[in-house]
Amino acid sequence: MLLKILELVGIVAFAASGALVGVSKRFDIFGVCVVGVFTGIGGGIVRDVLLGIHPPTSLTSWPLFGTAVGTSVIVFFLHSTLGRVRREILALDALGMGLFASTGAVIALDADAGVLASVLIGATAAIGGGILRDVLVNEVPLLLHRDLYAIPALLGAALVVAGTSAGLTGNTSLVIGTVVASGLRLLALWRHWSLPGPRLSRE
Amino acid sequence: MLLKILELVGIVAFAASGALVGVSKRFDIFGVCVVGVFTGIGGGIVRDVLLGIHPPTSLTSWPLFGTAVGTSVIVFFLHSTLGRVRREILALDALGMGLFASTGAVIALDADAGVLASVLIGATAAIGGGILRDVLVNEVPLLLHRDLYAIPALLGAALVVAGTSAGLTGNTSLVIGTVVASGLRLLALWRHWSLPGPRLSRE
Amino acid sequence: MLLKILELVGIVAFAASGALVGVSKRFDIFGVCVVGVFTGIGGGIVRDVLLGIHPPTSLTSWPLFGTAVGTSVIVFFLHSTLGRVRREILALDALGMGLFASTGAVIALDADAGVLASVLIGATAAIGGGILRDVLVNEVPLLLHRDLYAIPALLGAALVVAGTSAGLTGNTSLVIGTVVASGLRLLALWRHWSLPGPRLSRE
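Throughout, residues of each chain are indexed from 1 in the direction in which the sequence is written. Going through the entries in the order they are written, you letter the chains from A and number the ligands from 1. pLDDT decides what is reported in this predicted model: residues at 70 or higher carry local features, side-chain atom pairs at 80 or more are listed and counted, and totals for whole chains, interfaces and linings draw on all residues regardless. Calculation of side-chain values draws on the structure's entire complement of heavy atoms; hydrogens and water are dropped beforehand.

Turning to the overall build of chain A, a few remarks are in order. A run of DSSP states H or I qualifies as a helix once it reaches four residues; a run of E qualifies as a strand once it reaches two. Both are numbered from the N-terminal end. Within chain A, the secondary structure is distributed over nine helices and zero strands. Reading chain A from its N end, one meets helices and strands in the order α-α-α-α-α-α-α-α-α. Throughout this description, buried means an accessible area under 20% of the type-specific maximum (1.4 Å probe, protein chains only), exposed means over 50%, and partly exposed covers the range between. The 203 residues of chain A split such that 55% are buried.

Quick look at the structure:
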């Protein structure tokens, strides 16, 4: 139950980030909704395709799909206001990333995917929506050349898998994974942490 | 039977649109065929992956795959002529979109995908090929910032699902869905209809 | 056994090509690893999704995934040296392409995919990683407008399927398919072969 609620919050955050990108590209309302919905539920669809869950849950569930659409529509009509809350969006995006990493890992474990695959599929669910968003609007995924993003996702998913192996309940693992993944991402954004690029490695 | 024939017509239309884009980018004959084939059968492959139909029908059926290849080759060699029939291509593309939306919804219903998923997967089959085409050639999908495209696709798929629930035969639903989806798209092209963009919403 | 070793060599080659592209784009170490890993195991993941193998083998196997990560890390730290060995990378890429085409066709046959689908899925495994790499870094896939690439992949996969139908052992087919596919690609690179473009067809 907690899981479902948190999953919806993650979809809201991701859909809002996608819709805002669509607005900034001056798409019409449908283009904004397409980018918002892809970003909101794309990671979950990729996760389900990799796990063999057919059809993907996000396509069969009115609450999940409706949340992504509704968020995109609201962002489209409120965008002049939302333009000033980009920082809040980044925070929500970080929360969504942590939630998708953790819930993705739990869902993968439930589908008997094994330790390695559960970590990787959790991380894929967390980063998949953002990659789809950036490929759709024809930009190099932020993931590839910006501050820490995928490492917190991998770490969150790995903590969930480790916690479950160690006998923690699903909910406890979920909370730990989400807090660590989202917290690390927020910390990285706040402190402008990033990994060394090719330039630095030559010094 | 009618369904199969109409599906082939849809593949011809989509493959031709993809091959023409490849020609306009000055790809060699193989590049043109790759874009044409991806566009012609890509939507059906995505549909089958989402439904768990393995391997996707378009990859196991000589008529479907051969039609996509043959169309691309013909477009490559006739392109100087086809350059003048771009309007006819847009019309064929609209027909293909309607057919893929309707047939996709029927196939999804047959695979017990449920109401919501059948509508969404039908629409995905209708728009998937075009998205693949535009991402491959590194352009923002037309779907995202042009006249009505995905709404007719959603409407066509929804009519098929509603018609089937209401007791219509598969063929009747199919025809209604195709005519409405393709007709609305053609009307939008002809009258230059489009949805409001972010600019308008601020007025 | 031979198959597994050769598959690892293919992953090394593809991951190295992806990581080098990431280095040339000045990504940080994680961006380089993401592109390297996607390129190294992406083709195999697409192959497994099309065949309904859940979760994809590359996500469940430490040796496969670890090889892709390790290769990317090594390329990141050695890139100033590797910049001079681009020709060797192209050769390794050609070897990897042939191996993925052949092994992909064998895996598809083992999954009862049928003749046509086995050829197409083998070729998809061979070209999929490169397409993912180029779409991720926002460039038109090389496949689409350069020298012979997909034809050797299709030919290699077709030879494996034909050889198996003709009663050859899996290993023999595999070797023939790999040698022909990789050899043809290397020959095309060496002799600068390419297919006619739209320009030539008008003469």
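Next comes the rest of the description.
Attention now goes to the side chain of Ser-102 of chain B. All names here are of chain B. Along the polypeptide, Ser-102 turns up in helix α5 (residues 86-110). Overall, the relative accessible area of 0% leaves Ser-102 in the buried class. A polar contact is formed between the side chain of Ser-102 and the backbone oxygen of Gly-98, at a distance of 3.0 Å. With residues up to four places along the chain from it excluded, the contact list for Ser-102 reads Val-160, Leu-174, Gly-177 and Thr-178. Under the rule applied, a polar contact is a pair of N or O atoms within 3.5 Å (in protein, one hydrogen donor and one hydrogen acceptor; residues adjacent in sequence only if both atoms are side-chain atoms). Between two residues, a contact is recorded if the distance between any of their heavy atoms is within 4.5 Å.

Turning next to the nonpolar core. Most often, soluble globular proteins have nonpolar side chains that are buried together. Counting 105 residues, the largest nonpolar core has Ile-41 and Leu-59 of chain A, Ile-41 and Leu-59 of chain B together with Ile-41 and Leu-59 of chain C as its most contacted members. Excluding its chain neighbours within four sequence positions, the residues that come into contact with Leu-59 of chain C are Leu-50, Leu-116, Ala-117, Leu-120 and Ile-121 of chain A together with Ile-41 and Ile-45 of chain C. Within this scheme, the nonpolar core is defined by two criteria: the residues are buried Ala, Val, Leu, Ile, Met, Phe, Trp, Tyr or Cys, and they are joined through side-chain atoms within 4.5 Å. Phe-27, Ile-29, Phe-76 and Val-137 of chain B belong to the second-largest nonpolar core, a separate cluster that totals 13 residues.

Before going further, it helps to examine the UniProt feature "transmembrane region" (unreviewed entry) in chain A. Residue and element names in this part refer to chain A. UniProt positions are given in the numbering used here, feature names are shortened, and annotations may be inferred rather than shown by experiment. In this numbering, the UniProt entry assigns the feature "transmembrane region" (unreviewed entry) to residues 6-23, 30-53, 59-78, 90-109, 115-136 and 148-168. The span residues 6-23 is 100% helix and 0% strand, and its two end C-alpha atoms sit 26 Å from each other. Taken end to end, residues 90-109 comprises 100% helix and 0% strand; its first and last C-alpha atoms sit 29 Å apart.

Alignment of copies: least-squares fit on C-alpha atoms of residues with pLDDT of at least 70 in both copies. Between the two copies, chain C and chain B, the superposition gives an RMSD of 0.0 Å; the rotation angle is 120 degrees and the shift along the axis is 0.0 Å. Interpreted geometrically, this transformation is the action of a three-fold axis. Little of the interface of chain C is mirrored in chain B, where only 13% of its interface residues again form contacts.

In this section: the interface of chain C and chain B. Opposite the 30 residues of chain C that make contact, chain B presents 26 residues. Taken together, both faces of the contact between chain C and chain B bury some 2500 Å²; the carbon and sulfur share is 73%. By convention in these notes, a salt bridge is any Lys or Arg side-chain nitrogen within 4 Å of a carboxyl oxygen on Asp or Glu. Across the contact surface, chain C and chain B share zero salt bridges. At the boundary of chain C and chain B, one finds five residue pairs in polar contact (both at pLDDT 80 or more). At the level of elements, α2 (29-51), α6 (115-136), α7 (150-165) and α9 (198-201) of chain C are the ones that each hand at least two residues to the side of chain C that touches chain B. For the side of chain C that touches chain B, the element with the highest residue contribution is α6 of chain C, accounting for six residues. Looking at the side of chain C that touches chain B, its residues break down into 20 nonpolar, six polar and four charged. Put simply, buried area is the surface a 1.4 Å probe can reach on two separate parts but cannot reach once they are joined, added for both. Note that Gly is not counted as nonpolar here; it falls among the polar residues with everything else outside the nonpolar set of Ala, Val, Leu, Ile, Met, Phe, Trp, Tyr, Cys and Pro and the charged set of Asp, Glu, Lys and Arg.

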